[in-house]
Amino acid sequence: MPDTFEVLVDGGIRRGSDVVKAVALGANAVLLGRAPLYGLAAAGEQGCKDVLTLLRREMETCLRLVGCPDVRDLDRSYLTSGGALRHRGRNALRVVNR
């Protein structure tokens, strides 16, 4: 058995902030199924590209809002499960159990 594992999150990814939360919780990557498929069904290849562009922009905006300079710097310190949404004097992402 290997000492380390790759962690992939599959399911529940609807917004760029979901991607940021998954990575902050330790995911190496997220799998996007429905969103790009909806774009593909609605507008073909361009629709799929548009969905992926939107998710990337949302993710970049989220990173800026929490004050994280790079996705590689994300860790659990950028998350909170309580009411206080602060991280080192900045905003933090709230994790909500669905």
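This report concerns the structure included in the present document.

The rules behind the values
Residues numbered from 1 in each chain as written. Predicted model: local features only at pLDDT ≥ 70, side-chain atom pairs only at ≥ 80, totals over all residues. Heavy atoms only, no water. Salt bridge = Lys/Arg side-chain N within 4 Å of Asp/Glu carboxyl O. Helix = DSSP H or I, 4+ residues; strand = E, 2+ residues; numbered from the N terminus. Core = buried A, V, L, I, M, F, W, Y, C linked by side-chain atoms within 4.5 Å. Buried < 20%, exposed > 50% of the residue type's maximum accessible area, 1.4 Å probe, protein only. Contact = heavy atoms within 4.5 Å. Expected span 1.5 Å × (residues − 1). Disulfide = S-S within 2.5 Å. Axes fitted to C-alpha atoms, helices over the stretch in contact; angles between N-to-C directions. Parallel < 35°, antiparallel > 145°, perpendicular 65-115°, else oblique. Left-handed = near helix turned anticlockwise from the far one by under 90°. Nonpolar A, V, L, I, M, F, W, Y, C, P; charged D, E, K, R; others polar.

### A short note on the pattern of salt bridges
Move 1: Inspection of the entire model under this criterion finds four salt bridges.
Move 2: Between arginine 56 and glutamate 60 there is a salt bridge, with its nearest N and O atoms 3.1 Å apart. One end of the pair, arginine 56, and the other, glutamate 60, are both in helix α2 (residues 34-66), four residues apart, so they sit about a helical turn from each other.
Move 3: Between arginine 72 and aspartate 70 there is a salt bridge; the shortest N-O distance is 2.9 Å.

### So, the nonpolar core
Move 1: Residues Val20, Cys68 and Leu74 are the most contacted members of the largest nonpolar core, which totals 15 residues.
Move 2: Mapped onto this core, the elements with two or more residues apiece are α1 (16-24) and α2.
Move 3: Not counting chain neighbours up to four residues away, the residues in contact with leucine 74 comprise Val20, Val23, Ala24, Leu63 and Cys68.

### Quick look at α2
Move 1: With 33 residues, α2 should cover 48 Å at 1.5 Å per step; its first-to-last C-alpha distance of 27 Å lies more than 12% under that length.
Move 2: Those residues of α2 that fall on the buried side of the exposure criterion are Pro36, Gly39, Gly47, Val51, Leu55, Met59, Cys62, Leu63 and Val66.
Move 3: Positioned one or two residues after α2, glycine 67 has a phi angle of 80 degrees, which is positive.

### Things to note about the state of the cysteines
Move 1: Per the counting criterion, the structure on display carries zero disulfides.
Move 2: Between cysteine 62, a cysteine without a disulfide, and cysteine 68, which holds the nearest cysteine sulfur, the sulfur-to-sulfur distance is 9.3 Å.

### Looking at the packing of α1 against α2
Move 1: Running from N to C, α1 and α2 cross one another at 60 degrees; their axes reach a closest spacing of 7 Å. What the angle tells us is that α1 and α2 run oblique. The handedness of the crossing between α1 and α2 comes out as right-handed. Contacts from Gly16, Ser17, Val19 and Val20 of α1 reach α2 at Leu55, Glu58, Met59, Cys62 and Leu63.
Move 2: Residues that form the contact of α1 with α2 fall into these classes: six nonpolar, two polar and one charged.

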